[in-house]
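# Inside the fold
What follows is each chain in one-letter form.
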Amino acid sequence: MKSSRIKRRSFLHGVTTVSALATFPIAISGCQTTPTMSAGNTDILYWVSINSDNTVTFKIPQPEIGQAATTTVSQLLAEELEADWDSVRTEFYDPNTNLDNANVYVWTPTLASLSANHLFDPARTAGAQIRAMLISAAASSFDCNQDELFASRNFVHHKSDGRKLTYAELALAASAMQPPGAGQLELKTQEDWKLIGKSIDRLDLKQSTHAGIKYGIDVEVPNMRHAAIRQCPVYGGRLIKVDDSVLNGFPGAPKVITLKGGHAGYNSPVPEGEDPDLWATPVTTSDAVAVVADTWWQAKRALDALEPQWDEGEFKHTSSDSLRASLSDKLTKPLDLSISRGDVATAKKSAAQVHQAEYYYPFMDPAPLEPLNCTAVVNENSAEIWAGTQYADEAIEVASKLTGLPRQQIEFHIMHSGGGFGRRAENDFVYQAVQIAMAISGTPVKLLWTREECIRKSFCAPLTLVKYEGAIDAQGEVSAWVCRAASGQAGDQAYGATEFPFHFPNSLIEYDRSTPSPIPFGWMRGVGYTQHLWMNFGFLDELARLAGGDPAHMYRSLLHESKIPLGIESREIAVQRVNTLRRVLDATLELTSWDTHKSAEKSGRGIAVSDTEYYPGYGSTSAKSAVVDVSLTEEHGLSINKVFIVIDCGTVINPDIVVNQLEGGVAYALTNALYSEIVVEQGRVEQSNFHDYPILKAHEMPEVQIEILPGTGKPLSVGEDALPITIAALVNAIADAGGPRIRSLPIKLKQA
Amino acid sequence: MIKLHINSKEVSVSASEDTPLLWVLRDILKLNGTKFGCGAGLCGACTVHIGGKAVRSCVVPVSAVADKAITTIEGLSSDGPHPVQQAWHTHRVSQCGYCQPGMIMAAAALLQNNPQPNDKDIDEQITNICRCGTYPRVRKAIKTAAKISSGDV
């Protein structure tokens, strides 16, 4: 193998750095803990507060965007703490606590479906350490050995004499105990789990049915004003001037505030030693005009009356089509990242068939339903911020830089998010709200974007063009695989092309993501795999059909140790990968009666199987497959009849939450596949709301059947996992039904 | 001042006549359970009942509903959870939860006018957007709610 760039970059290298820093940070932090008392409640090791009424409050180390980390992390903590589940309360972690204590919460951004994987050991360890400290305190109090005691449902009991103390009674003494190191702890084994593995109701379930969840948009602060915002419609544009005299006489005392565009941090942690501007992409905002008024409607009406003049900058003549043309041109030359194995040219010469195709992915907006918002008040020596963000540690840094206040003088309240899907990894709306609050220092202000602003000024999955070439030899085997991809400027998503788990004797994979883009890059649910997996499977399906075989059988034969070239880097990992995927594929073929199933006329079935690994051995992602059944009715109307998902996601913390996430992932995948396209013309986004950027609705939702295979080891990814495989299986089902070969999203077939 | 009948109470609000009901509910009356999603009547997050019918409050000027009975999620049930809320709990419908107040209000209005809806009725009447994709559970929960309402559960 030769590679033009030795150092592989990957989305999640940052995580390894972080984890290595503090695999079990609780013990480290515990030594530094000063017990804190507030209203009779005692914080222990930053993770848990034991309350005076003998309930417990868990600090959830992740923003909640619907992925249910609040519940699953609580299951982990409560399991080892031996907490009474009915006594569990939760609050979101404080970013300052994390940043001041060597990343004590280990993995705080809600990104890349990592919460269960990265918090499985830390949360259980924290629970076990705190339990040990409570037992230790009880032993002192009872003047007995610790092994005479046990913890259960917020009490420490003496095994033989019936004495017991509540956690609340023990908390203060316990918080002064030295926490046991990770090596001295014995975590419970699976047979003893009472909470992990159970489909416990989400902790916010009742609130969700009674409008009791407080999202960022629901924040109310005394004397708060409201802000509406309009940014330069062209990315990176500057404000020339705006005349605010037209607002004379408008109700609500509207005040115009102009905002400078600038650098609002990054949208994911950046590994040590990497250049953040190359590794990810900086979150850069355009200039904007905001209006502050007594109510949001008054602010919006006033804003609508303004006619700001913009210098539209470098992208004012750029369109989706012109970017596509630039990428197409780029693909005529060798690309930045190039990984070559074997000899593609020779394989092509001796091939029975050579096939080429071009695949296209448009810009897509993640479009969470709660419009972006942030509430802030900035005083001379302090600030307070409330926001639903996926990356609060960065948000507080952004606010600190803007205000010049040390982080510790800023209080940041993480609010529930009405969806995120990547969009709230950018803290551009926090950056703007803090600027507005600075302009009206001392007065709290809630900034809320319109849906139109959300769609026009999003951070999108990048527009991507991929050229494939494949060779099939005389035996009907794929002898060469060429996948050359170019996207608009983006964070590193090359793994979508390079980490395709299938290997071929001769291959060339190239990637470039440097072309300036009229829409800034953002991670979107499923990230690089959502963009690339359907293309990879689409082209592989094309080759399978040319070779005349059943695609599923081709995948099965390729998912074999013998197909993995000798001498490649990390070969053992590649072997383990294909063995796992083959097992999942076999389970899927059985579940769906693949070999005996006969599709009706004008109906078809597609299949895809993959993990979503970011680089060899990362090991955080599930192995999963999708089968999609479609029929094409009169005049090419597409009907999606059923979707099967089979997954091995390691240890399952809460099966029903896994099912719910996968069902929802199918819906999200179908929206991507059928509808999502942000089109740029003259530098501007053409779409504006859900009429021209539609989201799948209930009547379009197919039946979904999910099978969770028994898994072991750490929990693996779930939140994003249904997306890549569902889109891949869908495009191949359409081909199987005799429909057109889909090489561009969204699929422009009439819906049945 | 505009007089409104909301959740069986009469309230007077000061707002320009063209202010959408949604913003009167949220910013003036602090009834924040009704959500803003699109501002164009497209997503249903702001669904309330007006005269027993599901209406998207982001496109209804407050002046148009002065004499009508308005019910928001906060006033859906005065005696314990509404059958729709019970069914939502049974099927653990929500993910991020943001669309759920509007979805629940749409489902409650559907059942009020059609106590035993079939799949086609649900398809036609439940057009709210759930970005998390809880649709399979929404469908099941509506059927369960119908059973709870009719005493079958």
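Small disclaimer: the values here were computed from a predicted structure and weren't measured.

Conventions and cut-offs
- Residues numbered from 1 in each chain as written.
- Chains lettered and ligands numbered in written order.
- Predicted model: local features only at pLDDT ≥ 70, side-chain atom pairs only at ≥ 80, totals over all residues.
- Heavy atoms only, no water.
- Contact = heavy atoms within 4.5 Å.
- Buried area = accessible area lost by both parts, 1.4 Å probe.
- Salt bridge = Lys/Arg side-chain N within 4 Å of Asp/Glu carboxyl O.
- Helix = DSSP H or I, 4+ residues; strand = E, 2+ residues; numbered from the N terminus.
- Nonpolar A, V, L, I, M, F, W, Y, C, P; charged D, E, K, R; others polar.
- Domains from an automatic or database assignment.
- Polar contact = N/O pair within 3.5 Å; in protein donor to acceptor, adjacent residues only side chain to side chain.
- Pairing = 2+ DSSP bridges.
- Axes fitted to C-alpha atoms, helices over the stretch in contact; angles between N-to-C directions.
- Parallel < 35°, antiparallel > 145°, perpendicular 65-115°, else oblique.
- Left-handed = near helix turned anticlockwise from the far one by under 90°.
- Core = buried A, V, L, I, M, F, W, Y, C linked by side-chain atoms within 4.5 Å.
- Buried < 20%, exposed > 50% of the residue type's maximum accessible area, 1.4 Å probe, protein only.
- Phe/Tyr/Trp six-rings, centres within 6.5 Å; stacked < 30°, edge-to-face > 60°.
- Lys NZ or Arg CZ within 6 Å of the ring centre and 35° of its normal.

### Looking at the interface of chain B and chain A
Each partner contributes to the interface: chain B provides 45 residues, whereas chain A provides 57 residues. Counting each side, the surface lost to burial between chain B and chain A is near 4,400 Å², with a carbon and sulfur contribution of 57%. Here chain B is connected to chain A by 8 salt bridges. Of the charged contacts in the structure, one is a salt bridge between D218(A) and K35(B), with a shortest N-O distance of 2.6 Å. Contributing elements (two or more residues each) for the side of chain B that touches chain A: α1 (21-28), α2 (83-90), α3 (100-113) and α5 (135-149) of chain B. It is α5(B) that provides the largest number of residues to the side of chain B that touches chain A, a total of 4 residues. Residue composition of the side of chain B that touches chain A, grouped by class: 22 nonpolar, 13 polar and 10 charged.

### Looking at the domain arrangement of chain A
A common way to state how big an interface is: give the accessible area lost once the parts meet. Residues and elements named next belong to chain A. We note that the domain assignment places domain 1 (31-209), domain 2 (216-315 + 372-448) and domain 3 (320-365 + 460-736) within chain A. Distance between the C-alpha centres of domain 2 and domain 3: 36 Å. Each partner contributes to the interface: domain 2 provides 15 residues, whereas domain 3 provides 18 residues. Summing the contributions of domain 2 and of domain 3, the shared interface buries around 1,300 Å²; its carbon and sulfur component is 54%. When the buried area of domain 2 at its contact with domain 3 is split by residue, Y235, F315 and F421 rank highest and sum to 41% of it. Put simply, domain 2 and domain 3 have 1 salt bridge between them. Between R684 and E312 there is a salt bridge whose closest N-O contact spans 2.4 Å. On inspection of domain 2 and its partner domain 3, the count reaches 4 residue pairs in polar contact (both at pLDDT 80 or more). When the residues that make up the side of domain 2 that touches domain 3 are grouped by side-chain class, the tally is 8 nonpolar, 4 polar and 3 charged.

### Digging into the sheet that holds strand β8 (residues 155-158) of chain A
Residues and elements named next belong to chain A. Here 3 strands make up an open sheet; going across it, the order is β7-β8-β9 and the pairing antiparallel. The two strands at the open ends of the sheet, each matched to only one other strand, are β7 (149-152) and β9 (164-166). Pairwise comparison of adjacent strand axes, ignoring direction, gives a mean angle of 20 degrees for this sheet. Note that β8 and β9 share 3 bridges and pair antiparallel. In the sheet register, F155 faces β9, and the bridge partner there is T166.

### A few points about unusual backbone geometry
Residue and element names in this part refer to chain A. Residue P746 is bonded to the preceding L745 through a cis peptide linkage, with omega at -5 degrees. With respect to the element layout, P746 can be found in the segment after α20 (722-736). One non-glycine residue, A68, adopts positive backbone phi at about 75 degrees. In this structure, Q682 is a non-glycine residue whose phi angle is positive, near 50 degrees. Following the sequence through the fold, Q682 ends up in the loop between β29 (680-681) and β30 (684-685).

### Focus on the environment of N114(B)
Residues and elements named next belong to chain B. By the secondary structure assignment, N114 is in the loop between α3 and α4 (119-125). N114 sits 14 residues away from Q100 along the chain, and the two C-alpha atoms are 20 Å apart. Reaching out from N114, the side chain makes a polar contact with the side chain of D121 at a distance of 3.0 Å.

### Side note on the packing of α2(B) against α5(B)
Residue and element names in this part refer to chain B. The interhelical angle for the contact between α2 and α5, taken along N-to-C directions, is 130 degrees, at an axis separation of 8 Å. Between α2 and α5, the interaxial angle falls into the category oblique. Helix-helix and strand crossings are classified by hand; for α2 and α5 the assignment is right-handed. Residues P83, V84, Q86, A87 and W88 of α2 lie in contact with α5, whose contacting residues are V138, A141, I142, T144, A145, I148 and S149. By residue class, the composition of the contact of α2 with α5 is 9 nonpolar, 3 polar and no charged.

### So, the nonpolar core
L540(A), I747(A) and W88(B) are the most contacted members of the largest nonpolar core, which totals 192 residues. In contact with I747(A), other than residues within four places in its own chain, are A673(A), L674(A), L730(A), V731(A), I734(A) and I742(A).

### Digging into the pairing of strand β15 (residues 288-293) of chain A
All names here are of chain A. Across the 6 residues of β15, 6 count as buried, placing the element largely inside the fold. Side chains A288, A290 and V292 of β15 all project onto a buried face; the interleaved residues V289, V291 and A293 project onto the opposite face, where all are buried too. As judged from the 5 bridges shared by strand β12 (residues 255-259) and β15, these two strands associate in the antiparallel manner. Of the residues in β15, the one forming a bridge with T258 is V289.

### A short note on the pattern of salt bridges
As enumerated under the stated definition, the model contains 53 salt bridges over all chains in all. One salt bridge connects R26(B) with D218(A), and the closest N-O pair in it is separated by 3.0 Å. Highlighted residues: R26(B) in helix α1 and D218(A) in the loop between α7 (205-209) and β10 (225-231), drawn from two different chains. Residue R26(B) shares its accessibility class with D218(A), and that shared class is buried.

### Description of the packing of aromatic side chains
Under the defined criterion, the tally for this structure stands at 26 aromatic pairs over all chains. Pairing W481(A) with F504(A) gives two aromatic rings, centres 4.9 Å apart and planes at 15 degrees, and the pair type is stacked. Here W481(A) is found in strand β24 (residues 478-488), whereas its partner F504(A) is found in the loop between α15 (495-498) and β25 (506-515), with 23 residues between them in sequence. By the burial criterion, W481(A) is buried, and F504(A) matches it. A ring pair is formed by F537(A) and Y555(A), whose centres lie 5.0 Å apart and whose planes are at 75 degrees; its orientation type is edge-to-face. Of this pair, F537(A) sits in helix α16 (residues 527-547) while Y555(A) is found in helix α17 (residues 551-558), placing the two residues 18 residues apart along the sequence. The exposure classification of F537(A) matches that of Y555(A), with both residues buried. By the ring-pair criterion, three or more aromatic residues cluster together here, those being Y359(A), Y468(A), W481(A), F500(A), F502(A), F504(A), W534(A), F537(A), F539(A) and Y555(A). We note K164(A) situated over the ring of F155(A); from NZ or CZ to the ring centre the distance is 4.9 Å. The ring of Y668(A) has R131(B) sitting right over it, with the charged end atom 3.8 Å from the ring centre.

### Details of the sheet that holds strand β2 (residues 9-13) of chain B
All names here are of chain B. Spatially, β2-β1-β5-β3-β4 is the arrangement adopted by the 5 strands of the open sheet, whose pairing is mixed. In the strand order of this sheet, the two ends are held by β2 and β4 (53-56), each with one partner. Pairwise comparison of adjacent strand axes, ignoring direction, gives a mean angle of 40 degrees for this sheet. Of the strand pairs in this sheet, strand β1 (residues 2-6) and β2 are connected by 5 bridges, and their pairing is antiparallel. By the bridge assignment, K3 is partnered in β2 with S12. With respect to the sheet, α1 is in contact with β1, β2, β3 (47-50) and β5 (69-71), its orientation differing from that of β3 by roughly 110 degrees. α3 contacts β3, β4 and β5 of the sheet and is inclined by roughly 35 degrees relative to β3.

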